[in-house]
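# Geometric and topological summary
Below are the chains, spelled out letter by letter.
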Amino acid sequence: MSLNTVKHEMPCQDPKVRAKNFDEVALGYDKETAIAEASRCLGCKKEPCRQGCPVQVPIPQFIAKVKEGDFSGAISTIKEKNALPAVCGRVCPQEAQCEKYCVLGKKGDPVGIGRMERFVADWEREQGIKPVECAPPTGKKVAVVGSGPAGLTVAADCAQAGHKVTIFEALHVAGGVLMYGIPEFRLPKAIVQAEIENLKKMGVEIQVDAVIGAIDTVDELLENEGYDAVFIGTGAGLPYFLKIPGENLNGVYSANEFLTRTNLMKGYLFPEYDTPVKVGKKVAVLGGGNVAMDCARTALRLGAEEVYIVYRRSMEELPARVEEVHHAEEEGVIFKILTNPTKIIGNDENWVVGMECLKYELGEPDASGRRSPVAISGSEHIVDVDTVVVAIGQGPNPLVPRTTKGLETNKWGNIVASEETGLTSKPAVYAGGDVVTGAATVIKAMGAGRVAANSICELLKK
Amino acid sequence: MFKIVRKEVLSPTLKLFDIEAPKVAKKCQAGQFIILRIDEKGERIPLTIADFDREKGTITLIFAEVGKTTQQLGQLEAGDSILDFVGPLGRASEIEKYGRVVCIGAGVGIAPVFPITRALKEAGNEVIGIAGARSKDLLFWTDEFKAQCDEFHVCTDDGTAGVKGNVTEILKKIIEEKGQVDYVICIGPIPAMKYTSLLTKPYGIKTFVSLNSIMVDGTGMCGACRVTVGDEMKFSCVDGPEFDGHLVDFDEQMRRAQIFKDEEARALAKGSCGGGGCGCH
Ligand SMILES: Cc1cc2nc3c(=O)[nH]c(=O)nc-3n(C[C@H](O)[C@H](O)[C@H](O)COP(=O)(O)OP(=O)(O)OC[C@H]3O[C@@H](n4cnc5c(N)ncnc54)[C@H](O)[C@@H]3O)c2cc1C
Ligand code: FES
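Here the residue numbers are simple positions, counted from 1 along each chain's written sequence. By the order in which they are written, chains take letters starting at A while ligands take numbers starting at 1. Only residues with pLDDT of at least 70 are given local features in this predicted model, and only at 80 or more are side-chain atom pairs given and counted; all residues enter the totals for whole chains, interfaces and linings. Water and hydrogen atoms were dropped before computing side-chain values, which therefore reflect all heavy atoms in the structure.

### Observations regarding the overall build of chain B
Counting from the N terminus, the helices are the DSSP runs of H or I reaching at least four residues and the strands are the DSSP runs of E reaching at least two. When helices and strands are tallied, chain B shows nine helices and 17 strands. In this setup the radius of gyration rests on C-alpha atoms only. A globule is expected at 2.2 Å times the number of residues raised to 0.38. Its C-alpha radius of gyration of 19 Å places chain B within 12% of the 19 Å reference for a compact globule of 281 residues. Overall, chain B is about 60 × 40 × 40 Å in size when its C-alpha atoms are taken along their principal axes. Summary of the burial criterion: residues with accessible area below 20% of their type's maximum are buried, those above 50% are exposed, and those between are partly exposed, where the area comes from a 1.4 Å probe applied to protein chains only. A buried classification covers 57% of the 281 residues belonging to chain B. Throughout, a contact is declared for two residues whenever any of their heavy atoms are within 4.5 Å. Of the contacts made within chain B by residues no fewer than 6 positions apart, 64% connect residues no fewer than 24 positions apart. Accessible areas in this description were obtained via Shrake-Rupley with a 1.4 Å probe; residue shielding takes into account the shown protein chains only. Surface exposure of chain B reaches about 11,500 Å², of which carbon and sulfur atoms provide 49%. When the 35 basic and 40 acidic side-chain charges of chain B are each reduced to a single mean position, those positions are 2 Å apart. Positive charges come from Lys and Arg alone, negative charges from Asp and Glu alone, with His and the N- and C-terminal ends not counted. Working definition for charges: the position is that of NZ of Lys, CZ of Arg, CG of Asp or CD of Glu.

Below, the structure written as C-alpha cells:
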C-alpha cells in the first residue's frame, strides 16, 4: 500500500500494561505525525467530511493549517464550531461521522481527523487556553440545568453573547457523563476540568449540588429567580434493567453505578478515597455499546480475572465504536455474542454465583434491517460469574419533567423539543442532548446545545 | 461549603448537627433526606432530615457513628464545614388526616420520625408516639417527640428506660387496647420495620417505613438504592424513601446492606493501622 492509503498509527499503551492501570490508553500524535497525517488530506472542494460532522467543523480548513504547522490557527478554526475539541477528538465516533465520508476511505484508511483534532486541542491546552472574548454584558440571565456537553455548549455560547449564565448541576462536579461515565483511561478528567475552568473564566457561574426540581423548579427559576431563559440538558441518566430474576442480588450493578463509583467517586483508589467498588473474579457485562465496553475495561482494571461482554446479536451488530471493541479485545475482554441472560443466580447470602443464558442465532432482518436474534431452544447454560454489570441503556431522569408545569414529554419520557430551535412546549424553556434524543453522543448533544443557544440569543435580543 | 453551626453530643456515638443550608431548609419537607460528602476524598452518604428551621436556614441531622464516614463526621465541630450537601431529596411523607396514627422511632430512627410526627399532628391526627432503643443512653429527643403526641411510650431492650421490650410489642398492645389504628409509620433498623409491618398486616393497618438503602447519587441515576416493593423494582432515592411496609422485601434490603461490609471494615481500619497492613498505605 502506498503511504497515502494508511492512517498514521495512534501510539497506545501496551495492552497488557494498560489493562492494569487507569492512565489514558491512546497517547496522542506528536507534531511530526500530526503534520504528516495532515499531508494525506486531499483538501476536497466539496468537503464531504464536513457533512458527516453533526456540528460542521470546517475540517479541510483546519487540516490545512495543521499541515502548515499553524496549530493555533487550526484550533481557532475548529473552535468556530466545536467548543470541546479535546473531548471530541477522543470520544467522537469518527468512523461513523466525518471519517466515514472521507474520499481516501474508499481505497484505504480515511484521514485521521479525530486524531488531529485531539492533537491541536492538546497542543492548545499545553500552551494555556486563551479565554474567549465575550460581548459586553446584556443584563439578561440564562439558567442551564445539567452540565453535560449540551449544557456546557449552551453556557459557552450564551456567555460569549454577553448573557449572565448560571449552570445548575445535581452532582458535586460539572461535566455530566464526561465526568461520571466515560472512564479516565479514555478521557482524562483533568481535560474535562480544563474546559470547565475555561467556562468559569468567561464568567459562567457553576452551582454544583443543585438538583433542579428539588431545590428550585424550572418555573421558579423563571418566575422568582429572574432568569430570562432556561435550557434543560439533564441527559439520560436513568439506568434500565433487564427485568430478569436476580437483578437485585449483591454483585449486580447498573453500568451507571459501576462507572460512577469508579470514575466520579474514584473508587479505583479505595481506600485512599472513601467510596468502594467491588469487583469479583469473573464479571459479565450485559450489552454491546460504548457503555458496556467501558464497564468491561474498567472491570479488568479493577482486578477482575475474566471479563465477558454478553450480547444478543453478533460482532457486526455491536453498537460500540470499532476502536473501543478493538481496544477491549486487545486487553483480553471475552465476547460471548449471540448470548442472552435469562436469570442471575444467587447463593444463600444473596451474592451472585452464576447466570443462566440462552444461545441465539440470527434470523430474518427486522424492520431496522438488522437480522434479529432468535433464541435456540434447549440452549440454556450457566455462565460462571460473580459480578454482573447491566449496561443495556439509560432513559431520561423524570425529575425535571415531573416538577415543571406544561413541559411536554414523549412516551419514553424524553422532553419534546424542536430540532430547529430547541424550544420545548413551554415559552423560554429549551432542551437538548440525551434528555431529548435518548442516549446518543457527545457531539450530538453539543450540536443540540448550539442550536438552542442560538435560539436563546435570538429570544433575548427582543 | 456548608457550615456546621451547632453540634450536640447525644451519646458517645450519637451526634447532632445543625447545618447551614438555607436553600434546602427553605424547601424541605418531612420525610425527605439529604446527601453529603465531607471532603474531596469522601463518599456520598444519605441522612434523613431530623428537623429544619426555615428562618435560620438550617437543617438538623442526627447520625449514629457506624462507619468510616459517620465516624469522621462525628469528629467535626461547630464552625467546621462540609464540602457537599445536596437536597432535599426523595418524596415527602404523605401527610393526611388518617385518624389515629402511631409514629414509631427505633434507635436513630427517632430523628427522622420526629418531623413526620409533628406534621401528622398538625394535620389533625390523634398521634401516639413510640420511641425505642437498645438502652437508655441511646435514647434522645424523647421530650420533643412526646410534645407532638397525644400519648407517648418509651421502651428499651434492656429496660433501662421506659418499658423493657421492643417497639413492636408496644404497638401490639396499643392495637389490641384501642381496637382501631388507621396509620403506622415506623423508622429504624430493618428488623424493627419488618416486624412492625408483619404485625400490622393482618389488621390491614396502612403502614409506612423509611428505607436507608445504599446510595450514591440520590437522584435516580445509579440504581444502587434499588428495592423490591410488591413485584416491582423501585429506587429508594426517588420513589421513596418511604414505602408501603406490607410490600417491601425487607430480607433483600437486609442483605443488600451487607454489600460493602468488607470494604467498610477496611476503610475503618485505614488510619488506625499506624502505617501498614491495611492496604491504605
Ligand atoms: C459510559 C458512557 C460512555 C460513553 N461513550 C461515548 C463516546 O465514546 N462517544 C460519544 O460521543 N458519546 C459517548 N457516550 C454518550 C454521551 O456521553 C452522551 O450522549 C452525552 O454526554 C449527553 O450529553 P448531555 O449534555 O445531554 O447529558 P449528560 O452528559 O448526561 O449530562 C447531564 C447532566 O445533567 C445533570 N442533571 C440531571 N438531572 C438534573 C437536575 N434535575 N438538576 C441538575 N442537574 C441535573 C446530570 O447530573 C448530568 O451531569 C457515552 C455515555 C456513557 C454513559
Ligand atoms: S442512589 Fe443512585 S439511584 Fe438512588
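### A few points about the overall build of chain A
Check the secondary structure of chain A and you find 17 helices and 16 strands. Each principal axis of the C-alpha distribution contributes one length, and for chain A these read about 70 × 60 × 50 Å. Expressed as a percentage of the 462 residues in chain A, the buried residues total 59%. For chain A, the accessible area works out to roughly 18,600 Å², and carbon and sulfur atoms hold 53% of it. In chain A, the 52 positive side-chain charges and the 60 negative ones have mean positions that sit 4 Å from each other.

### Some remarks on the site of ligand 1
All names here are of chain A. Looking at ligand 1, there are 35 residues lining it, with Val 91, Ala 150, Glu 169, Arg 186 and Asp 434 nearest. Think of a polar contact as two N or O atoms within 3.5 Å of one another; within protein, one of them needs to be a possible hydrogen donor and the other a possible acceptor, and neighboring residues in sequence only count if both atoms come from side chains. Residue Asp 434 places a main-chain N or O atom 2.8 Å away from an oxygen atom belonging to ligand 1. Between Ala 440 and ligand 1, the recorded distance is 3.2 Å, taken from a backbone N or O atom to an oxygen atom. Here ligand 1 has 1,000 Å² of accessible area as a free molecule, and 96% of this is covered by the chains. Counting residues per element, the ones that place at least two in the shell around ligand 1 are helix H8 (149-160), helix H13 (290-301) and helix H17 (442-461). Among the elements that make up the shell around ligand 1, the one with the highest residue count is H13 (three residues). The residue classification treats Ala, Val, Leu, Ile, Met, Phe, Trp, Tyr, Cys and Pro as nonpolar and Asp, Glu, Lys and Arg as charged. All others, Gly included, are polar. The class makeup of the residues in the shell around ligand 1 is 19 nonpolar, 12 polar and four charged. The criterion for a residue being near a molecule or strand is simple. One of its heavy atoms has to lie within 4 Å of it.

### Looking at the nonpolar core
Residues and elements named next belong to chain A. The nonpolar core is taken to be a set of buried Ala, Val, Leu, Ile, Met, Phe, Trp, Tyr and Cys residues, with the residues joined through side-chain atoms within 4.5 Å. In terms of nonpolar packing, the biggest core is built from 69 residues, with Ile 59, Phe 62, Ile 63, Val 66, Val 120 and Ile 456 touching the most fellow members. It is H17 that contributes the most residues to this core, nine residues altogether. Discounting chain neighbours no more than four positions away, the residues touching Val 66 are Ala 34, Ile 35, Ala 38, Phe 71, Ala 74, Met 116 and Val 120.

### Some points on the confidence of the model for chain B
One confidence number per residue, pLDDT, is output by the predictor and ranges from 0 to 100. Per-residue confidence for chain B gives a mean pLDDT of 91; residues scoring 70 or more make up 96%. Note on residues 273-281 of chain B: pLDDT under 50 across the span, and 13 contacts to partners over four residues away in sequence or across chains.

### Notes on the pattern of salt bridges
All names here are of chain A. The term salt bridge refers to a side-chain nitrogen of Lys or Arg lying within 4 Å of a carboxyl oxygen of Asp or Glu. Summed over the entire model, instances satisfying the criterion amount to 45 salt bridges over all chains. For Asp 157, the salt bridge identified is with Arg 450, shortest N-O distance 2.8 Å. Of this pair, Asp 157 sits in helix H8 while Arg 450 sits in helix H17, and the two are 293 residues apart along the sequence. A salt bridge links Glu 197 to Lys 200; the nearest nitrogen and oxygen atoms lie 3.3 Å apart. Here Lys 200 and Glu 197 lie together in helix H10 (residues 189-201), a separation of three residues that amounts to about one turn. For Glu 197, a relative accessible area of 39% translates into the label partly exposed. In the salt-bridge network here, residues are joined through shared partners; they are Arg 18, Glu 95, Arg 186, Asp 294, Arg 297, Arg 301, Arg 321, Glu 323, Glu 324, Glu 330 and Glu 331.

### Details of the side chain of Glu65(B)
All names here are of chain B. For Glu 65, the position within the fold is in the loop between strand E6 (58-64) and helix H2 (68-74). A polar contact of 2.6 Å, which involves the side chain of Glu 65, links it to the side chain of Lys 15. When residues no more than four places from it in sequence are discounted, the contact partners of Glu 65 are Pro 12, Thr 13, Lys 15, Thr 70, Gln 71 and Gly 74.

### Let's talk about the interface of chain A and chain B
Each side of the interface is counted separately: chain A has 43 residues, and chain B has 49 residues. Summing the contributions of chain A and of chain B, the shared interface buries around 3,900 Å²; its carbon and sulfur component is 53%. Scanning the region where chain A abuts chain B turns up six salt bridges. Here Lys278(A) makes a salt bridge to Asp262(B), at a shortest N to O gap of 3.9 Å. Connecting chain A to chain B are 21 residue pairs in polar contact (both at pLDDT 80 or more). Broken down by secondary-structure element, the contributors of at least two residues to the side of chain A that touches chain B are strand E5 (238-239), strand E6 (252-254) and helix H12 (255-264) of chain A. The element that contributes the greatest number of residues to the side of chain A that touches chain B is H12(A), accounting for four residues. Residue composition of the side of chain A that touches chain B, by class: 19 nonpolar, 12 polar and 12 charged. When two parts are brought into contact, each loses some accessible area as probed by a 1.4 Å sphere; the total of that loss over both is the buried area.

### Details of the sheet that holds strand E3 (residues 205-207) of chain A
The strands that make up a sheet pair up through hydrogen bonds in the backbone, lying either parallel or antiparallel. Residue and element names in this part refer to chain A. Taking strand neighbours across the sheet as the criterion, the five strands line up as E3-E2-E1-E4-E16 in an open arrangement whose pairing is parallel. Strand pairing shows two members of the sheet lacking a second neighbour, E3 and strand E16 (429-431), which therefore form its edges. Across this sheet, the average inter-strand angle for adjacent strands is 20°, counted without regard to direction. Two strands qualify as a pair provided that DSSP identifies no fewer than 2 bridges between them. Relative to strand E4 (residues 229-232), strand E1 (residues 141-145) is paired through four bridges, and the arrangement is parallel. Of the residues in E4, the one forming a bridge with Val 144 is Phe 231. Every axis in this analysis is a line fitted to C-alpha atoms, fitted for helices over the stretch in contact. Angles between the N-to-C directions lie between 0 and 180 degrees. Relative to strand E2 (residues 164-168), H8 is tilted by about 165°, and along the sheet it contacts E1, E2 and E4. Along the sheet face, H17 touches E1, E4 and E16 and points at about 170° away from the line of E4.

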